[in-house]
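Given next are the chains, with one letter for each unit.
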Amino acid sequence: LHGDDLHGDEIHFGPKTDDSVGFWNEFSLIEDFQDSNDNITFSSKFPGCGLVELDRYAPLLPEDRKTDIVFSVKDFIFSFEPSSWRFDVSEELNGCHQVVDFTDDTTGAPHIVAKSNVAMYVNEVGHNIDLVENVCSLEKPRSVYYYASIGTPMKKGETVELLVNYKEGYESMRVRRGYGKANLLGVKSDNDDYSRVQRNLAERISFEDSIKSYREDEVGSVIDFLENRVWDGIVSATSCLSLESAKNKCDVIRQIIARRRLDWTSRILGSHYSVVGRGGSHKEARHDEADSTFKVGMVVYVNNWMEAEDPRPPYSGVATVNNVFRDKFDRICLGVSLPGGKSICCVPEGVISEPTEDDFVEAPRRMHSNWLKWKREESHPQKRESRQLVLEKMRWDSSHFRNLLSCNQSSSDMHSRIMDSLRWEVSEELLYLLVKDNRLHHPLNDRHWCPISMRLLTRSLHVVADNIIPTHERKESSYEDVLSACAEKLLVILREATEAVRNILALDKEEAKENFLRYLAFHEKSVSECGTEQSSRYYLKAESEVTPHVSVEDCSKGQTTLDENFYLIHQVLFVTHALASLIDWNNFNNRGEGIYSFEKACQIAAIDLDLARRLQTEKSRSWKPLIFLPL
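Since the structure is predicted, the reported quantities are computational estimates derived from the model, not experimental observations. (Residues numbered from 1 in each chain as written. Predicted model: local features only at pLDDT ≥ 70, side-chain atom pairs only at ≥ 80, totals over all residues. Heavy atoms only, no water.)

> Looking at this structure, how should I read the overall build of the protein chain?
Broken down by element type, the protein chain carries 20 helices and 18 strands. Every one of the 631 residues in the protein chain was classed for burial, and the buried ones make up 45%. Contacts in the protein chain between residues far apart in sequence, at least 24 positions, make up 67% of those at least 6 positions apart. For the protein chain, the accessible surface area stands at approximately 33,500 Å², while carbon and sulfur atoms represent 49% of it. (Helix = DSSP H or I, 4+ residues; strand = E, 2+ residues; numbered from the N terminus. Buried < 20%, exposed > 50% of the residue type's maximum accessible area, 1.4 Å probe, protein only. Contact = heavy atoms within 4.5 Å. Areas by Shrake-Rupley, 256 points an atom, 1.4 Å probe, with all protein chains shown as cover.)

Okay, here's the thing in structure tokens:
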């Protein structure tokens with residue numbers, strides 16, 4: 001299916017009365033139903049009975065239909081909340097895979113029509129064997145319906161929870177919410193900051209890769225959707241008002257995060273749009289062609305012309321430009337091909353004009369299609385420029401954010417929730433840069449990083465995040481002051497982490513040492529083929545090359561020596577330096593090395609500089625800054 005206003009069946013028909021029931025509101029509770037006077041029961045298994053139609057699940061509104069490309073962008077922007085309510089249908093939309101969901105395009109949460117329907121309130125069985133599925137979905141090519149199957153006979157007044165099974169396609173969302181199969185093996189839900197960030201980081205990298213595969217028209221459709229369906233609603237909801245009075249604070253916080261994600265997404269979209277735009281069908285024009293109104297490949301109209309030596313009668317009709325050149329009198333002329341495989345070698349530019357729709361009545365269909373395609377491509381440069389301006393409009397505005405916070409100073413809880421959510425969001429952006437540029441591998445993963453290292457990274461990320469999203473205006477501060485304050489905090493966190501490592505390694509008491517050694521331990525899990533956890537152990541990095549890994553228990557008994565340099569340099573120093581390397585410390589006056597440098601970090605942490613240099617990779621010595629802190 002192609003075009004606009006494809007479907008008109010997303011709204012309900014029927015009388016608008018309080019007692020209207022049925023999918024089309026075609027029945028009346030008063031006129032069409034009578035209460036039974038006996039104790040009759042109902043079951044779908046009884047003769048003459050069957051499934052009970054609950055409602056259409058989706059789509060409920062025309063805008064509930066989206067291509068998978070557009071939906072994936074909306075899903076990312078609203079922190080994957082729309083995925084909780086999506087269904088895939090077999091019918092294509094504009095030549096793409098179609099997704100239906102009933103979430104609002106400005107909040108990512110179910111819209112008002114969905115909240116008035118039964119289907120939204122059907123829960124999911126998940127992997128809970130105590131819950132019984134009693135709702136099945138009928139997936140038609142363009143929509144999804146819910147039906148209840150009542151197995152155990154029910155009397156009037158009895159209730160039963162409606163439960164459906166979303167099957168394997170919903171498993172990633174179950175894990176995020178804490179009741180997936182992986183959660184049974186110890187994987188934590190999104191309530192755990194580290195687990196959520198790792199999942200979001202993987203999604204962010206995958207999301208960028210998907211965008212880079214979009215064609216120009218697909219990027220355009222996404223930008224148009226963001227401008228027409230998303231942007232105004234988010235701006236309105238996150239403007240300077242008291243968020244404490246908002247009906248749903250979770251929706252508003254999600255919208256604030258969405259505004260930040262729009263900034264990140266708009267940069268990725270803009271960069272890719274510039275690339276696919278340059279790779280369009282128009283080649284660089286030759287000198288003669290550049291001087292002409294008409295280009296090679298363009299469909300034109302020839303007005304009553306034929307070359308003098310050609311016996312054919314003058315031609316009037318559509319033609320395709322083969323080449324553009326200048327004749328011996330230095331006039332611009334065109335060589336054109338005519339319908340039927342014939343051509344005219346030299347047509348003066350003055351007798352050629354642009355065709356109209358009526359000129360193609362007797363022309364081949366392919367020539368008409370080429371003309372329409374050319375017309376569309378002619379408008380691309382203007383569209384590209386306009387869409388790039390739309391993306392520029394979606395950039396993050398720190399002054400707006402400061403105004404928003406100032407309007408909500410009286411609500412310490414709301415203020416705190418907003419800041420905490422944004423700190424983690426910006427931390428994800430920073431981790432994305434670290435991972436994509438290979439400066440840090442598997443961040444916040446306890447198989448690769450010990451608790452002290454992960455705590456160091458978290459605190460440092462939040463320091464940088466607070467400088468990227470400043471909560472107060474810094475007019476009186478110079479850029480040097482801002483950088484100095486940020487560097488000082490990073491170095492303090494670095495020093496505290498190195499002191500913690502040294503203090504733990506210096507402990508003698510066995511019991512105390514075992515408890516504190518866990519702050520240096522790595523967590524390794526082994527899972528069997530059938531999916532049940534076989535073992536989970538914590539180990540430390542020993543100094544010995546023969547047995548580099550040692551258990552916490554053995555180490556606490558003094559049976560081995562830990563690799564102090566590994567912890568101080570690889571687990572602490574290199575983590576701080578990887579993050580610090582993202583920042584342009586020289587932005588203000590080329591004296592940034594006095595604010596932060598690798599040498600200064602080693603000095604603060606009391607780490608041997610020569611040893612640290614030898615352990616550095618060649619690439620890490622030439623890392624370039626990728627961000628600068630705003631004033």
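> What am I meant to see in the pattern of salt bridges here?
As a working rule, side chains carrying opposite charge can pair if their charged atoms are close by. A complete count under the given rule lists 43 salt bridges for this structure. Between glutamate 168 and lysine 181 there is a salt bridge whose closest N-O contact spans 3.9 Å. Of this pair, glutamate 168 sits in the loop between strand E10 (163-164) and helix H4 (171-177) while lysine 181 sits in helix H5 (residues 181-184), and the two are 13 residues apart along the sequence. A relative accessible area of 54% places glutamate 168 in the exposed class. When the shortest N-O distance is used, the salt bridge between glutamate 425 and arginine 204 registers 2.8 Å. Taken together, the residues glutamate 425 in helix H13 (residues 412-436) and arginine 204 in helix H6 (residues 193-211) connect sequence positions 221 residues apart. (Salt bridge = Lys/Arg side-chain N within 4 Å of Asp/Glu carboxyl O.)

> Teacher, can you tell me more about helix H2 (residues 68-77) here?
Along an α-helix, residues three or four apart share an orientation, since each turn contains 3.6 residues. Taken across its 10 residues, H2 has 8 buried, putting it largely inside the fold. Buried within H2 we find Ile69, Val70, Phe71, Val73, Lys74, Asp75, Phe76 and Ile77. Serine 79 sits one or two residues past H2 and shows a positive phi near 55°.

> What should I look at first to understand the sheet that holds strand E14 (residues 343-348) in this one?
Across a sheet, strands are paired by hydrogen bonds formed along the backbone, either parallel or antiparallel in direction. The 5 strands are arranged E14-E13-E12-E11-E15 in an open sheet whose pairing can be described as antiparallel. Because the sheet does not close on itself, it has two edges, and the strands there are E14 and strand E15 (352-353). Pairing geometry for strand E13 (residues 332-337) and E14, over 4 bridges, is antiparallel. Residue serine 337 lies in a different strand from E14, and its bridge partner there is serine 343. (Pairing = 2+ DSSP bridges.)

> Please clarify how unusual backbone geometry should be interpreted in this entry.
In terms of backbone geometry, most residues other than glycine have negative phi values and most peptide bonds are trans. Here the amide bond leading from alanine 58 into proline 59 is cis, since omega sits at 0°, within 30 degrees of zero. Mapping proline 59 onto the fold places it in the loop between strand E3 (52-58) and strand E4 (65-67). For asparagine 94, which is not glycine, the phi dihedral falls at a positive 55°. The class of asparagine 94 is partly exposed, set by a relative accessible area of 37%. For alanine 606, which is not glycine, the phi torsion reads 55° and is therefore positive.

> Would you mind showing me how to read the environment of asparagine 467 here?
As for its placement among the helices and strands, asparagine 467 is situated in helix H14 (residues 451-468). Note: C-alpha distance between asparagine 467 and leucine 483 (16 residues apart in sequence) is 8.9 Å.

> Would you take a moment to explain the side chain of arginine 65 for this structure?
Here arginine 65 lies in strand E4. In this structure the side chain of arginine 65 is engaged in a polar contact, spanning 2.8 Å, whose partner is the backbone oxygen of arginine 142. (Polar contact = N/O pair within 3.5 Å; in protein donor to acceptor, adjacent residues only side chain to side chain.)

> Is there a simple way to think about the sheet that holds E3 in this case?
Read from one edge to the other, the open sheet built from 3 strands follows the order E3-E9-E8, with strand pairing classed as antiparallel. Only two strands of the sheet have a single neighbouring strand rather than two, namely E3 and strand E8 (135-139). In this sheet, adjacent strand axes meet at a mean angle of 30° when their direction is disregarded. (Axes fitted to C-alpha atoms, helices over the stretch in contact; angles between N-to-C directions.)

> Whenever I open this one, the packing of aromatic side chains confuses me. Can you help?
The way to describe two aromatic rings as a pair is by their centre distance and the angle between their planes. Inspection of every chain in the model, using the stated rule, returns 19 aromatic pairs. Ring geometry for tyrosine 57 against phenylalanine 102: centres 4.8 Å apart, planes inclined by 50°, an arrangement best described as tilted. Placement of the pair is tyrosine 57 in strand E3 and phenylalanine 102 in the loop between strand E6 (96-100) and helix H3 (112-115), with a sequence separation of 45 residues. Each member of the pair, tyrosine 57 as well as phenylalanine 102, is classed as buried. Ring centres 6.4 Å apart and planes at 85° place the aromatic pair phenylalanine 87 and tyrosine 166 in the edge-to-face group. Of this pair, phenylalanine 87 sits in strand E5 (residues 87-93) while tyrosine 166 sits in the loop between E10 and H4, and the two are 79 residues apart along the sequence. (Phe/Tyr/Trp six-rings, centres within 6.5 Å; stacked < 30°, edge-to-face > 60°.)

> Which parts of the structure should I look at to understand the packing of helix H15 (residues 479-505) against helix H18 (residues 564-580)?
For any two helices packed against each other, the geometry comes down to the angle between their axes and how far apart the axes lie. Packing of H15 against H18 brings their axes to within 10 Å, and their N-to-C directions diverge by 165°. The orientation of H15 relative to H18 falls into the category roughly antiparallel. Along this stretch, H15 crosses H18, giving a crossing that reads as right-handed. Here Leu490, Leu494, Ala497, Thr498, Val501, Arg502 and Leu505 of H15 come into contact with H18, specifically with Glu564, Tyr567, Leu568, Val572, Leu573 and Thr576. Here the residues of the contact of H15 with H18 sort into 9 nonpolar, 2 polar and 2 charged. (Parallel < 35°, antiparallel > 145°, perpendicular 65-115°, else oblique. Left-handed = near helix turned anticlockwise from the far one by under 90°. Nonpolar A, V, L, I, M, F, W, Y, C, P; charged D, E, K, R; others polar.)

> Can you help me understand the environment of valine 125 in this one?
As for its position among the elements, valine 125 is in the loop between strand E7 (123-124) and E8. Along the chain, valine 125 and asparagine 165 lie 40 residues apart, while their C-alpha atoms are 5.6 Å from each other. Setting aside its immediate chain neighbours within four residues, valine 125 contacts Leu131, Val132, Glu133, Leu163, Val164 and Asn165.

> Quick question: what am I supposed to make of a negative patch on the surface here?
Residues Glu26, Glu31, Asp32 and Glu53 make up a contiguous surface patch of negative charge. Relative to the assigned elements, aspartate 32 resides in helix H1 (residues 29-32). Assessed through its relative accessible area of 44%, aspartate 32 is described here as partly exposed. (Patch = residues over 30% accessible without salt bridge, like charges linked within 9 Å, V, L, I, M, F, W, Y side chains within 5 Å. Lys, Arg positive; Asp, Glu negative; His and termini not counted. Charge placed at Lys NZ, Arg CZ, Asp CG, Glu CD.)

> Would you mind showing me how to read the nonpolar core here?
Generally speaking, nonpolar side chains in soluble globular proteins are found buried as a group. Counting 108 residues, the largest nonpolar core has Leu226, Val464, Leu540, Leu573 and Trp585 as its most contacted members. Membership of the second largest hydrophobic core comes to 23 residues, among which are Ala58, Phe87, Ala119 and Tyr166. (Core = buried A, V, L, I, M, F, W, Y, C linked by side-chain atoms within 4.5 Å.)

> Any chance you could explain the confidence of the model for the protein chain here in plain terms?
For any part of a model where pLDDT is low, the fine detail of the predicted coordinates should not be relied upon. Averaged over all residues, the pLDDT of the protein chain is 85; the fraction at 70 or higher stands at 86%. When the criterion is pLDDT under 50, residues 1-13 qualifies, and its contacts beyond four places in sequence or with other chains add up to 33 contacts. Counted against residues more than four places away or in other chains, residues 280-285, with its pLDDT under 50, gives 4 contacts. (pLDDT = per-residue confidence, 0-100.)

> In this structure, what is going on with the pairing of strand E11 (residues 299-305)? I would like to understand it.
Sheet faces and side chains relate simply in a regular strand, where the side chains alternate between the two faces. Direction of pairing for E11 relative to strand E12 (residues 315-326): antiparallel, over a ladder of 5 bridges. Along E12, the bridge assignment pairs valine 302 with glycine 317. Pairing between E11 and E15: 2 bridges, direction antiparallel. When the bridges of E15 are listed, tyrosine 301 appears paired with serine 353.

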